[in-house]
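Structure assessment
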Amino acid sequence: MPKDIKERIEIDLRKFEDSVKEVKETEENKHIIDLAKQYYSDTKYFIEKGDLITAFGSIVYAHGLIDALKKLKQE
């Protein structure tokens, strides 16, 4: 169980690293994957700045983009 929000965000960063590998990049989804990776990078930036609320929002958004691509693949 995470002790604080920073630890939770760091766990989510690692989960994203695994999750993004599950999505095959295509010409159609490359832009979305790039956006998700940018939100991942933004998360690290906001952690460094001490803005954990924005960092959490960024990693959640990155996960949402990848999850949407996974869902589209299933349909």
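Relevant structure appears above.
Only a predicted model underlies this, so the values are computations on that prediction, with no experimental measurement involved. (Residues numbered from 1 in each chain as written. Predicted model: local features only at pLDDT ≥ 70, side-chain atom pairs only at ≥ 80, totals over all residues. Heavy atoms only, no water.)

The next point concerns the pattern of salt bridges. A full pass over the atoms with the stated rule returns three salt bridges. A salt bridge links arginine 8 to aspartate 12, with the nearest nitrogen and oxygen atoms 3.3 Å apart. Here the residue arginine 8 and the residue aspartate 12 both occupy positions in helix H1 (residues 5-20), the gap between them amounting to four residues, near one helical turn. Residue classification places arginine 8 among the partly exposed residues on the basis of a relative accessible area of 39%. (Salt bridge = Lys/Arg side-chain N within 4 Å of Asp/Glu carboxyl O. Helix = DSSP H or I, 4+ residues; strand = E, 2+ residues; numbered from the N terminus. Buried < 20%, exposed > 50% of the residue type's maximum accessible area, 1.4 Å probe, protein only.)

Bringing the packing of aromatic side chains into the picture now. Aromatic ring pairs are reported here in terms of the distance separating the ring centres and the angle at which the planes meet. Inspection of every chain in the model, using the stated rule, returns three aromatic pairs. Taking the centre distance of 4.6 Å and the plane angle of 50° together, the rings of tyrosine 39 and tyrosine 61 count as tilted. Placement of the pair is tyrosine 39 in helix H2 (residues 30-49) and tyrosine 61 in helix H3 (residues 52-74), with a sequence separation of 22 residues. Summarising the aromatic geometry, the rings of tyrosine 45 and phenylalanine 46 are spaced 5.3 Å apart at their centres and angled 70° between planes, so their arrangement reads as edge-to-face. Using a relative accessible area of 45% as the deciding quantity, one classes tyrosine 45 as partly exposed. (Phe/Tyr/Trp six-rings, centres within 6.5 Å; stacked < 30°, edge-to-face > 60°.)

Let's shift gears to H1. For H1, spanning 16 residues, the distance from its first C-alpha to its last is 22 Å, which sits close to the expected 22 Å at 1.5 Å a residue. Listed in full, the buried residues belonging to H1 are Ile9, Asp12, Leu13, Phe16, Ser19 and Val20. All buried residues of H1 lie within an arc of 130° about the axis, which places them on one face of the element. (Expected span 1.5 Å × (residues − 1). Arc of directions from axis to C-beta.)

Attention now moves to the side chain of threonine 43. Structurally, threonine 43 is set in helix H2. You can call threonine 43 buried: its relative accessible area is 0%. Within the structure, threonine 43 has its side chain in polar contact with the backbone oxygen of tyrosine 39 (distance 2.8 Å). A distance of 3.1 Å separates the side chain of threonine 43 from the backbone nitrogen of isoleucine 59, its partner in a polar contact. When sequence neighbours within four positions are dropped, the list of residues in contact with threonine 43 reads Ile9, Leu13, Ala55, Ser58 and Ile59. (Polar contact = N/O pair within 3.5 Å; in protein donor to acceptor, adjacent residues only side chain to side chain. Contact = heavy atoms within 4.5 Å.)

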